[in-house]
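Structural overview for review
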Amino acid sequence: DTGRVSFVANLRADHALSPDLIARGRTGARLHTALGRARRREFGAVMNNYQTITAASVTWYAEADAEAVRALLANVHFIGKRRASGFGEVADWQIEPGDSDGITGPFGEPLRPVPAAMFKGDTSHPLIDAAWRPAYWHPAHRAACYAPPGLGG
């Protein structure tokens, strides 16, 4: 489910804005605008608008030591933006060992761009021109690849 949520945040002269970012007068000696630290008269409320996504579950595939990941995530109770405001609460972490090769997911889908000649999974996924190995910017590392859903179109 998707939605939107708005937050009002107050800019504070001493915390939210570096004086180095404010234009200086012609001589360069004084700031073009007063900071108003005493009454914060030049600072005030700013509204931010964020998209929210509510999900029953989120799945990641990774190659790692399951117990080390469990220990790392044990005290993580919120993820994402605005977590300090109560968004992104994690109800439970489920870490399940699998037999993934890191290339193909459990349904034969590509987990990353894989050159068509090397891919052994479900070939109904998009075939796109993509970099498949580092350095990703180098043209020699691009090929016609099967890609994860949503990556190529």
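Residues numbered from 1 in each chain as written. Predicted model: local features only at pLDDT ≥ 70, side-chain atom pairs only at ≥ 80, totals over all residues. Heavy atoms only, no water.

1. With respect to the sheet that holds strand β5 (residues 142-146)
With respect to topology, 3 strands assemble into an open sheet ordered β3-β5-β4, the strand pairing being antiparallel. Each edge of the sheet is formed by a strand with only one pairing partner; in this case those strands are β3 (114-115) and β4 (127-131). Direction of pairing for β3 relative to β5: antiparallel, over a ladder of 2 bridges. For V114, the partnering residue across the bridge sits in β5 and is Y146. (Pairing = 2+ DSSP bridges. Helix = DSSP H or I, 4+ residues; strand = E, 2+ residues; numbered from the N terminus.)

2. Considering the pattern of salt bridges
The final tally for this structure, using the stated rule, is 2 salt bridges. When the shortest N-O distance is used, the salt bridge between R70 and E67 registers 3.4 Å. Placement of the pair is R70 and E67 together in helix α2 (residues 66-73), with a separation of 3 residues, close to one helical turn. The class for R70 is partly exposed, based on a relative accessible area of 36%. One salt bridge connects R142 with D129, and the closest N-O pair in it is separated by 3.2 Å. On the criterion of sequence distance, the pair formed by R142 in strand β5 and D129 in strand β4 is long-range, its members being 13 residues apart. (Salt bridge = Lys/Arg side-chain N within 4 Å of Asp/Glu carboxyl O. Buried < 20%, exposed > 50% of the residue type's maximum accessible area, 1.4 Å probe, protein only.)

3. Comments concerning a nonpolar patch on the surface
Taken together, the side chains of V58, W60 and I79 define a hydrophobic patch exposed on the protein surface, amounting to about 320 Å² of accessible area. Within the secondary structure, W60 sits in the loop between β2 (45-53) and α2. (Patch = residues over 30% accessible without salt bridge, like charges linked within 9 Å, V, L, I, M, F, W, Y side chains within 5 Å. Areas by Shrake-Rupley, 256 points an atom, 1.4 Å probe, with all protein chains shown as cover.)

4. Points about the side chain of H125
Inspection of the secondary structure puts H125 in the loop between β3 and β4. The exposure class of H125 is buried, given its relative accessible area of 17%. The contacts of H125, once residues within four sequence positions are left out, are E109, P110, Y146, A147 and P149. (Contact = heavy atoms within 4.5 Å.)

5. What about unusual backbone geometry?
Here P134 and A135 are connected by a cis peptide whose omega angle stands at -10°. Tracing the backbone through its elements, the reader meets A135 in the loop between β4 and β5.

6. Observations concerning the pairing of β5
Bridging between β4 and β5 involves 5 bridges; their strand directions are antiparallel. Across the sheet, I128 pairs through a bridge with C145, a residue of β5.

7. What about the side chain of T104?
One can find T104 in the loop between α2 and β3. Beyond its immediate chain neighbours, meaning those up to four positions away, T104 contacts E109, L111, F119 and G121.

8. Considering the packing of aromatic side chains
Each aromatic ring pair is summarised here by two numbers: the centre-to-centre distance and the angle between the ring planes. Enumeration according to the criterion identifies 4 aromatic pairs in this entry. Taken together, a centroid distance of 6.0 Å and an interplanar angle of 65° make the contact between F7 and Y50 edge-to-face. Here Y50 lies in strand β2 and F7 lies in strand β1 (residues 2-10), a separation of 43 residues in the sequence. Classification of F7 by relative accessible area gives buried; the value is 14%. An angle of 80° between the planes, with centres 5.6 Å apart, marks the rings of F7 and F87 as edge-to-face. (Phe/Tyr/Trp six-rings, centres within 6.5 Å; stacked < 30°, edge-to-face > 60°.)

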